[in-house]
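Coordinate analysis (summary)
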Amino acid sequence: MIMYPVTMRSVGEWSLPHDTTAPGIARGLIAAALGAWRDPADAVLIASELVTNAVQHGSPPLVLGLSIAPARARVSVMNARGESATQPRIVAAGADEPDGRGLVIVAALSREWGWSPDGDNVIVWAEVADAPRS
């Protein structure tokens, strides 16, 4: 189970397939869940990047979580550690490399991001700020 700070309220937790369809499913779930927000685009893109990383570098199970508090949302992804079992980190991808920019995007769009081990799993999360529609 994904744990959230006490000040945040869980909106949903969804099991996703551990395949290339997962990022699109994640985008749809987060967009629908944050439909009342002025602009959920950053949270949607963050979800897509975190899920893509989990599919590429982790193992099943794959769980997407969303929690909210006034004017902020936390997107989290839990998956089993992959074969590399290293911590998520930002890498400098070369201009000609097709991969390696996911966490750079997450860091640029979020107010903060991080990760934590959870037994054989890892949870990567990012928080975004937004003002709900009035």
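Keep in mind the model is a prediction, meaning the values are calculated, not measured. (Residues numbered from 1 in each chain as written. Predicted model: local features only at pLDDT ≥ 70, side-chain atom pairs only at ≥ 80, totals over all residues. Heavy atoms only, no water.)

Concerning helix H1 (residues 22-33)
With 12 residues, H1 should reach 16 Å at 1.5 Å per residue; the first-to-last C-alpha distance of 16 Å fits that figure. Taken residue by residue, H1 has Ala22, Pro23, Ala26 and Ile30 as its buried positions. Down the axis of H1, the sector holding all buried residues measures 95°, keeping them to one side. On its buried side, H1 packs onto strand E1 (9-16), helix H2 (41-57) and strand E2 (59-69). (Helix = DSSP H or I, 4+ residues; strand = E, 2+ residues; numbered from the N terminus. Expected span 1.5 Å × (residues − 1). Buried < 20%, exposed > 50% of the residue type's maximum accessible area, 1.4 Å probe, protein only. Arc of directions from axis to C-beta. Contact = heavy atoms within 4.5 Å.)

Some details on the pattern of salt bridges
Side chains bearing opposite charge may pair, as long as their charged atoms lie close to each other. According to the stated counting rule, one finds 3 salt bridges in the structure shown. When the shortest N-O distance is used, the salt bridge between Arg74 and Glu127 registers 2.9 Å. Of the two residues, Arg74 sits in strand E3 (residues 72-80) while Glu127 sits in strand E5 (residues 121-129), which places them 53 residues apart along the sequence. Taking the relative accessible area as the measure of exposure, Arg74 reaches 11% and is therefore buried. Between Glu127 and Arg111 there is a salt bridge whose closest N-O contact spans 3.7 Å. Here Glu127, found in strand E5, pairs with Arg111, found in the loop between helix H3 (102-109) and strand E4 (112-118); they are 16 residues apart in sequence, far enough to count as distant. Looking at Glu127, the relative accessible area reads 1%, which means it is buried. (Salt bridge = Lys/Arg side-chain N within 4 Å of Asp/Glu carboxyl O.)

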